[in-house]
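Working through the structure, step by step
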Amino acid sequence: MRHTLSILVENRFGELSRIVGLFSARGYNVESLTVAETLDPKIARVTLVTTGSDQTIEQITGQLNKQVRVLEAVDMTGFKHIEREMALINVTAGMGPARQEVLSLAGIFRAKVVDVSRDGIIIEATGDWAKVSALIELLKPLGIRDIVRTGAVAIARLSEQTEGETADGEINEEELAV
Amino acid sequence: MAALMERSSNGFAEAEEPGERPQLMRGARILCEALVEEGVDTIFGYPGGAVLHIYDELHRMRGQLHHVLCRHEQGAVHMAEGYAKATGKVGVALVTSGPGATNAVTGIANAFMDSTPLVVISGQVPRKLIGTDAFQEADTVGITRPCTKYNYLVKDVRDLAEVIREAFFIARSGRPGPVLVDIPKDVTGETAPFVYPESVSLPGYRPSLRGNLQQVKRAVDRIKEATRPVLYVGGGVIHSNGSKELLELAEKLTLPVTPTLMGLGCFPSGHRLSLGMLGMHGTYWANMAISESDLIIAIGVRFDDRVTGALDKFAPGAEIVHVDVDPTSLSKNVRAHLPVVGDARSVMQQMLALLPDDDRVTGARLSDWWEQIEEWKRFAPLAYEKSDQVIMPQYLVEELHRLTQGDAIIATDVGQHQMWFAQYYRFNGPRQSLTSGGLGTMGFGFPAALGAQVAFPERQVIAFVGDGGFQMTAQELATAVQYKSNVKIVVMNNNYLGMVRQWQEFFYDGAYSHVNMQWLPDFVKLAEAYGAVGLRATRPDQLRGVLQRGLTTPGVVVMDILVSEEESVFPMVPAGAGLKEMVLG
């Protein structure tokens, strides 16, 4: 199962390697990894996505928490949280219907066009892993030259009870199925 | 003589009196002063280019810091570990960059697996050369990251004192372990004021000592109700100095006690409540008791695969109370029904506080259980075929026990000799058994014994090793003789890599592949070449005399004991089998 781990760690050299080493030493692949400083520049937030049995993830989360410089490691999968990643997608789209198709898909997914040339478009798409993956699947037949995904970042919900996301219009699963 | 000469004329520094401290110090001096602050008096090490400044300061401070010059960095770290295990203090090793550090890795990994507190200082090439493939450069923090509790690369001399303070704190607190501090040569040469921090600030590191009281209460209630309880105890009891509490707990409740290999001595082996070691080569009755129990009280143990056998067959009817200072040990291999995070001693104290003196629960209640255990014991006692032709290895251990009365500090390597020792030597107390448990390192025993002997010059310290393992670190004989050690080495010489041979006999149709030591050195002459005494016993009637002479002769003595070549260790739980599926021999 896919797990999103959120780790607060002292922002020092070598700590990231220590964290990643816990996965590689067990033969587990890290699907995505993002690191950046928090409000306190001495502390960094690592968001790491991996796949493994619940027991394995529990053991790794324990090992992470045991690390001297790790302040907190949480498996977000067990909590209500918001997860986002960004993808930059370079799509083949010459003049004509192909370009219209790409633009229309981008519109449905509320993705931005960030660059355009005679025969291609670069789209910036944001969403959770499933949404970004869905857009990529839809764009594939049109010809994707290159994609770069940031990997997920995640933050806990304000309240466990909060349902649905606010204003700036997330597309729900039903719409995606179109 | 050197101590009396002036540095200016000939380069020899005068040994300084304690307390003489310059205002600004170079990093090397800060390191030494910090070690003194931590109460270190002995360092095991090996010099080299990157640690020259440090050795210069060590020379100056030789009145306060005793440095033992080893013959190989692996030996240095094993010695530091033997010293640490025997004393309970943090062991310190000092090695140079590159090969010095890589040679130390086996020792560091060994200490990591067996939770031994060590601080290993390694030299590094100067900062500006890091990453240039400089002479004797290795990425030491990278190499040791997975086998240390924590490690440091010190990039600023002003951080050095604080790093050393933290290193010792991390090494000895919580679940102890090795910490490596890598110091570039130029950092040891730069100067800074020496301020030793009063405390450490590690917001992410707060090991808990005391257990959650509710959990402890529940555990005690379960113990009072259990009808087939077993105390399964290990190295955590020794690390936390909890032997007294364990004895009290076991006696108060008449609980059977089975120690792991790492726990040997944490409970007196000859005690009526002791079942002996459990696991792959444990006693039949300890393994049966664990398998049939309704409550396992596991304290300071980690359910190692050599203990549990096949996990799906492990103690099917038992509820498990698991006490450990390391939360990741709980439910790692076997699910704990009642996990308690806390150090063994503190939690046992909490348990005892919940058991009033008049609360002598058990006796009668457990009588059926004890009767059953006695029956298992009668069914398959530890036994071997006696011989008056060849020395049986078990007999060798029994003789060593008789001659030392279970009071010696004994270090072993890994393999058959180690298992026979665990079975037949009855340790009276903790910190007497020094063995390589987790990593299973050949060559550990002799340097570890030497390290323990440095800590306790007057005690009987014995390295009990095989002919294979001894050859891996035999060069430390030079160290032993140089420092006028009294360490004794008993080589259980069966001319084989015995445990591997045993597995080849049982599981590979007896095809002995590269396990026969077709050429062994003459260990007596080897001892003599190093300036030690060498003795040999080849027949059972010579054994006692040789051991007696060897153990009482002052100085370093190597006793080459030729034992039955193809004897196997029994009982045995084959790999993949359950604890009840023992081969009794």
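Just so we're clear, the structure is a prediction, and the values are computed from it rather than from any experiment.

Re the overall build of chain A
- Each helix and strand in chain A was counted, giving five helices and nine strands.
- Going from N to C terminus, chain A has its helices and strands arranged as β-α-β-β-α-β-β-α-β-β-α-β-β-α.
- Residues counted as buried form 26% of the 178 residues belonging to chain A.
- The long-range fraction of contacts in chain A, counting pairs at least 24 apart against all pairs at least 6 apart in sequence, stands at 74%.

Quick look at the interface of chain A and chain B
- On the chain B side, the residues contacting the 14 residues of chain A number 13 residues.
- Among the secondary structure elements, those contributing two or more residues to the side of chain A that touches chain B are α1 (15–24), α2 (54–66) and β4 (70–75) of chain A.
- In terms of residue count, α2(A) provides more of the side of chain A that touches chain B than any other element does, four residues in total.
- Among the residues making up the side of chain A that touches chain B, the classes are represented as four nonpolar, six polar and four charged.

With respect to the environment of D54(A)
All names here are of chain A.
- Considering the arrangement of structural elements, one finds D54 in helix α2.
- Here D54 falls in the exposed class, since 12 other C-beta atoms lie within 10 Å of it.
- Spatially, the C-alpha atoms of D54 and R2 are 9.5 Å apart, while their sequence positions differ by 52 residues.

Remarks on the sheet that holds strand β1 (residues 2–10) of chain A
Residue and element names in this part refer to chain A.
- With antiparallel pairing, the four strands of this open sheet are ordered in space as β2-β3-β1-β4. Only two strands of the sheet have a single partner each, and these edge strands are β2 (30–37) and β4. Adjacent strand axes in the sheet meet at a mean angle of 15°, parallel and antiparallel pairs treated alike.
- Here β2 runs beside strand β3 (residues 43–51); their pairing, made up of seven bridges, is antiparallel. Across the sheet, V35 pairs through a bridge with V46, a residue of β3.
- Here α1 sits on the sheet and contacts β1, β2 and β3; the angle it forms with β1, its principal contact strand, is near 150°.
- Sitting on the sheet, α2 is in contact with β1 and β4, with an inclination near 165° to β4.

Parameters at a glance
- Residues numbered from 1 in each chain as written.
- Chains lettered and ligands numbered in written order.
- Predicted model: local features only at pLDDT ≥ 70, side-chain atom pairs only at ≥ 80, totals over all residues.
- Helix = DSSP H or I, 4+ residues; strand = E, 2+ residues; numbered from the N terminus.
- Buried ≥ 20, exposed ≤ 12 C-beta atoms within 10 Å, placed from the backbone.
- Contact = placed C-beta atoms within 7 Å.
- Nonpolar A, V, L, I, M, F, W, Y, C, P; charged D, E, K, R; others polar.
- Pairing = 2+ DSSP bridges.
- Axes fitted to C-alpha atoms, helices over the stretch in contact; angles between N-to-C directions.

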